[in-house]
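Given next are the chains, with one letter for each unit.
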Amino acid sequence: MLISEYDDRVARAATTTDAFNAIAEASRRDILVSLTGGEAAVGEIVDRLHLSQPQVSKHLGVLRAVDLVRCRTVGRHRLYRLNGAALRPVHDWIRGFEALWNDRLDRLDDLLTELQQEETP
Amino acid sequence: MTTTGTRHGSAVVTLPSDLEIGITRIFDAPAELVFRAWTTPELVREWWGRESSPLVVCDIDLRVGGGWRYVTREPDGTELAWHGTYLEIDRPWRLVSTEVYEGYPDGEARDTLTLTERDGTTVMSVNVLHSSRENRDGHLSSGMEPGMQHSLDRFEDLLLAQQAPGERAAGGGGAGGAA
């Protein structure tokens, strides 16, 4: 990584709101995970996570602002659901690191196999 | 051929907290051998660098207080360097060291390698602890090489599993211009 890229990332994180910022908060990650099972109303999320309703509503507001969560109204209820596509930048970013280490550790795996074959001919 | 490759692509990266990175992988080898391959320069050279960016320096002074330094040479000729100091050595179960990427010398991390042997296999776990989330995130960004996407992580499973069938069909592999 170029150091300029690093600086860009840090500067961006401090001044803008995006998926990276949104999932930096543990409660918001919990809300996302709780929505992987399907749509839910605020009250259901409150029950599952033992947070207060104002807290959940506030977090949902942040998640909606970056499109990680979408919402529709059914009768009197607003149902929230996860929008996985908005996680793509986070996903791609972590996957790059994981790919680097998979590559490295696959070679270590091959080396260990070779070494064991040498030791037990 | 032997069983080589059966575990390829199985390393899992997790973010246990805002300051940490976790890397876990199982090897069909005893812990002593994994530890040796991890701490012997001739062996580290075989796996740590890539063909396109070989490890041109690999110094390891394996004693508490001793140092290590790795340098890779990238395809464009740039050299990237990391170094650190060994803090704890409990061969072959545990190795703790500091790690500094020399391009960002203020971001010192603490690496803990833990090996657990079970029925001839070894579970390798690396925990990288940074002093700030910014440094941790910067470290993760160092994996952003293009064209190395042969593994799917758990986030993708989550991402694909929850998408409505219609969205998945429409979005295909692109999953939506979020970049």
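My aim in this report is to walk through the structure given alongside it, one point at a time. (Residues numbered from 1 in each chain as written. Chains lettered and ligands numbered in written order. Predicted model: local features only at pLDDT ≥ 70, side-chain atom pairs only at ≥ 80, totals over all residues. Heavy atoms only, no water.)

As for the side chain of Ser-132 of chain B
Inspection of the secondary structure puts Ser-132 of chain B in the loop between β8 (121-129) and α3 (133-141). Looking at Ser-132 of chain B, the relative accessible area reads 18%, which means it is buried. (Helix = DSSP H or I, 4+ residues; strand = E, 2+ residues; numbered from the N terminus. Buried < 20%, exposed > 50% of the residue type's maximum accessible area, 1.4 Å probe, protein only.)

Examining the sheet that holds strand β5 (residues 79-90) of chain B
Strand order in the open sheet formed by eight strands is β1-β2-β8-β7-β6-β5-β4-β3 (chain B), with antiparallel pairing between adjacent strands. The sheet is open, and its two borders are formed by β1 (12-14) and β3 (55-60) of chain B, each paired with just one other strand. Taken pair by pair, the neighbouring strands of this sheet meet at an average axis angle of 20 degrees, ignoring direction. Inspection of the sheet shows strand β2 (residues 20-27) of chain B paired to β8 of chain B by eight bridges, in the antiparallel sense. Along β8 of chain B, the bridge assignment pairs Phe-27 of chain B with Thr-122 of chain B. Relative to the sheet, helix α6 (residues 88-119) of chain A contacts β1, β2 and β8 of chain B, its axis offset from that of β2 of chain B by approximately 30 degrees. (Pairing = 2+ DSSP bridges. Axes fitted to C-alpha atoms, helices over the stretch in contact; angles between N-to-C directions. Contact = heavy atoms within 4.5 Å.)

A closer look at the sheet that holds strand β1 (residues 40-41) of chain A
All names here are of chain A. Read across the open sheet, the three strands follow the order β1-β3-β2; overall the sheet is antiparallel. Each having just a single partner strand, β1 and β2 (69-74) make up the two edges of the open sheet. Where β2 lies against strand β3 (residues 77-82), six bridges are found, and the strand directions are antiparallel. When the bridges of β3 are listed, Val-74 appears paired with His-77. Packing of helix α5 (residues 53-65) onto the sheet brings it into contact with β2 and β3, and relative to β2 it is tilted by some 110 degrees.

Here's the deal with the packing of aromatic side chains
This model, assessed by the stated rule, comprises six aromatic pairs over all chains. Put simply, the rings of Trp-48, Trp-68, Tyr-70, Trp-82 and Tyr-101 of chain B pair up and form one aromatic cluster. Positioned above the aromatic ring of Trp-101 of chain A is the side chain of Arg-104 of chain A, whose terminal nitrogen or guanidinium carbon lies 4.7 Å from the ring centre. The cationic tip of Arg-104 of chain A hangs over the ring face of Trp-48 of chain B; the distance from NZ or CZ to the ring centre is 3.7 Å. (Phe/Tyr/Trp six-rings, centres within 6.5 Å; stacked < 30°, edge-to-face > 60°. Lys NZ or Arg CZ within 6 Å of the ring centre and 35° of its normal.)

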